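# A closer look at the structure
If you want the building blocks of each chain, they are given just below.
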Amino acid sequence: MDLPLIWFLVIGFMFVMYFVLDGFDFGVGMSLPILGRSETDRRRIINAIGPVWDLNETWLIVAGASLFAAFPEWYATMFSGFFLALLVLLLGLIARAVSFEFRHQRDSARWRAGWDACIVAGSVIPALLWGVAFANVAQGVPMEPHQGGALVTGSLLSLLNPYGLLGGLTLVALCLAHGAVFLSLKTDGDLKARAHRLADRALLTSAGLAVVFLLWTVIQNPAPLVIVLAALAAITCLAAWMLNRVERDGWAFASTAATVVLAVSTLFGSLLTRAGGPFVMPASDPEGGFVGLTVANASSSAYTLEVMSWAALVCLPLVLAYQAWTYWVFRRRVTTAAVEVLH
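Residues numbered from 1 in each chain as written. Predicted model: local features only at pLDDT ≥ 70, side-chain atom pairs only at ≥ 80, totals over all residues. Heavy atoms only, no water.

### Examining the overall build of the protein
Check the secondary structure of the protein and you find 14 helices and 4 strands. Taking 20 Å as the expected radius of gyration for a compact globule of 343 residues, we find that the protein reaches 20 Å, a close match to that expectation. Within the protein, the fraction of its 343 residues that count as buried is 51%. Within the protein, contacts between residues separated by at least 24 positions form 78% of all contacts whose residues are at least 6 apart in sequence. In the structure as shown, the protein presents an accessible area of about 15,300 Å², 70% of it carried by carbon and sulfur atoms. Side chains of the protein carry 20 positive and 21 negative charges; the gap between the two charge centres is 13 Å. (Helix = DSSP H or I, 4+ residues; strand = E, 2+ residues; numbered from the N terminus. Rg over C-alpha atoms; globule rule 2.2 N^0.38 Å. Buried < 20%, exposed > 50% of the residue type's maximum accessible area, 1.4 Å probe, protein only. Contact = heavy atoms within 4.5 Å. Areas by Shrake-Rupley, 256 points an atom, 1.4 Å probe, with all protein chains shown as cover. Lys, Arg positive; Asp, Glu negative; His and termini not counted. Charge placed at Lys NZ, Arg CZ, Asp CG, Glu CD.)

### Some thoughts on the environment of Trp-328
Within the element layout of this structure, Trp-328 appears in helix H13 (residues 302-329). The exposed category is assigned to Trp-328, whose relative accessible area is 55%.

### Side note on the confidence of the model for the protein
When pLDDT is low, close inspection of the predicted coordinates is not appropriate. Residues of the protein with pLDDT of at least 70 account for 96%, and the chain-wide mean is 90. Per-residue pLDDT, averaged within each element of the protein, yields its smallest value for helix H14 (residues 336-342) (62) and its largest for helix H9 (residues 162-186) (95). (pLDDT = per-residue confidence, 0-100.)

### Thoughts on the layout of surface pockets
Empty space within the second largest pocket amounts to approximately 440 Å³. Top element by residues in the lining of the second largest pocket is helix H6 (residues 83-102). It accounts for 7 residues. (1 Å grid on protein atoms, 1.4 Å probe; cavity = no way out; pocket = protein on both sides within 12 Å on 5 of 7 lines; lining within 4 Å. Points joined across faces, edges and corners; volume = space filled by probe spheres on them.)

### Considerations on the environment of Pro-51
Tracing the sequence through the fold places Pro-51 in the loop between helix H2 (39-49) and helix H3 (53-56). Distance in space between the C-alpha atoms of Pro-51 and Tyr-327 is 8.6 Å, their sequence separation being 276 residues. Residues within four places of Pro-51 in sequence aside, it is in contact with Thr-326 and Phe-330.

### Comments concerning empty space enclosed by the protein
Within the structure shown, the criterion is met by 2 cavities of 30 Å³ or more. Taken as a whole, the largest cavity encloses approximately 190 Å³ of empty space. Together, 16 residues line the largest cavity, and Gly-167, Leu-171, Phe-213, Val-264 and Leu-267 are the ones closest to its centre. The biggest single contributor to the lining of the largest cavity is helix H12 (residues 249-273), with 5 residues. Within the lining of the largest cavity, the residues separate by chemical class into 13 nonpolar, 3 polar and no charged. When contributions to the lining of the second largest cavity are tallied by element, the ones reaching two or more residues are H9, helix H11 (224-245) and H12. Partitioning the lining of the second largest cavity into residue classes produces 5 nonpolar, 4 polar and no charged. (Nonpolar A, V, L, I, M, F, W, Y, C, P; charged D, E, K, R; others polar.)

### Focus: the pattern of salt bridges
One side chain can pair with another of opposite charge once the charged atoms of both are near each other. Counted under the stated rule, the structure contains 16 salt bridges. With a shortest N-O distance of 3.3 Å, Arg-112 and Asp-107 are connected by a salt bridge. Between Asp-200 and Arg-245 there is a salt bridge whose closest N-O contact spans 3.3 Å. With Asp-200 in helix H10 (residues 189-220) and Arg-245 in helix H11, the pair connects residues that are 45 residues apart, well separated along the chain. Note on Arg-245: relative accessible area 52%, which makes it exposed. Through salt bridges with shared partners, one network takes in Glu-39, Arg-42, Arg-43, Arg-103, Asp-107, Arg-112 and Asp-116. (Salt bridge = Lys/Arg side-chain N within 4 Å of Asp/Glu carboxyl O.)

### Description of the packing of helix H1 (residues 3-35) against H9
Two elements in contact, H1 and H9, have axes whose closest approach is 6 Å; the angle formed by their N-to-C orientations is 80°. The angle between H1 and H9 falls in the class roughly perpendicular. Here Phe-19, Val-20, Gly-23, Phe-24, Phe-26, Gly-27, Val-28, Met-30, Ser-31 and Leu-35 of H1 lie close against H9, whose contacting residues are Leu-171, Val-172, Cys-175, Leu-176, His-178, Gly-179, Phe-182 and Leu-183. Residue composition of the contact of H1 with H9, grouped by class: 13 nonpolar, 5 polar and no charged. (Axes fitted to C-alpha atoms, helices over the stretch in contact; angles between N-to-C directions. Parallel < 35°, antiparallel > 145°, perpendicular 65-115°, else oblique.)

### What to know about H1
The end-to-end C-alpha distance of H1 is 47 Å, a good match for the 48 Å that 33 residues give at a rise of 1.5 Å each. At Asp-22, H1 shows its maximal bend, which comes to roughly 30°. Most of H1 sits inside the fold, with 26 of its 33 residues counted as buried. (Expected span 1.5 Å × (residues − 1). Bend = angle between axes of the 7 residues up to and from the residue.)

And the structure:
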């Protein structure tokens, strides 16, 4: 296996980790107006992710930096072609981060309500646009060769095609279900019961959307790897719903996490197995023999990838170990009594 392909898989792993970990953060934020019936409930919901949400976003930073270094042509083409969508996404992430820090700075219901609205918007918008972006990358976008690389010729509206929008809605539903199951794992009492009911409805909705989206993905690229990953994603989503029904919170959360892993892996698997690939960003309508950016023609030099590989061998285990330790330290449920003592 050559280094460009290894780094394609490593970057895929980083994005999978990001969507699994920040995915339940998004879901918790989306659930705030649904489950937060009192200020104490809203504080418990936010405190459930308070110690870890910024740590979860580490994977986005690491994935973006690795993408820039390992596949500069992919980075340049995607970030220039998806500029407006990624700008709105970034503004949503900023709004959410600021809201977590500012909502408790003033004892005013109106002040807190405004920041709570930013948390919701900063959770829904990034999840939607990430789904749209990655669905379009897997499907292929209109592009042409440009200065040794590629140039996306479509607009923001061209990204909002049926397949892209379905990918966005599927990720939103999966994140909401993932976050609701996480809250049922991290809270108790009436809030936990409401989180269970929300997870039940969200899992059914996400299962329906995911089946249609993954089936569409398989139709576009019926490779054995894509079929297996898509089927497993559907199975784990159904398992999560069944486990949530019997209140096996830990196993239900593991199943929603597995669903996100397998759904995102299906898209990366589609790039890996697409005819003429493996691709990092295929062209939707190849003209003049230009089929898009492949793992081979978009990667950095062998020396760059070799240096990055040694750095990753040292740094990635440290990041994983530190994150595991953090989750272990903050593993207890967020109770009403704990929130009242803190506030």
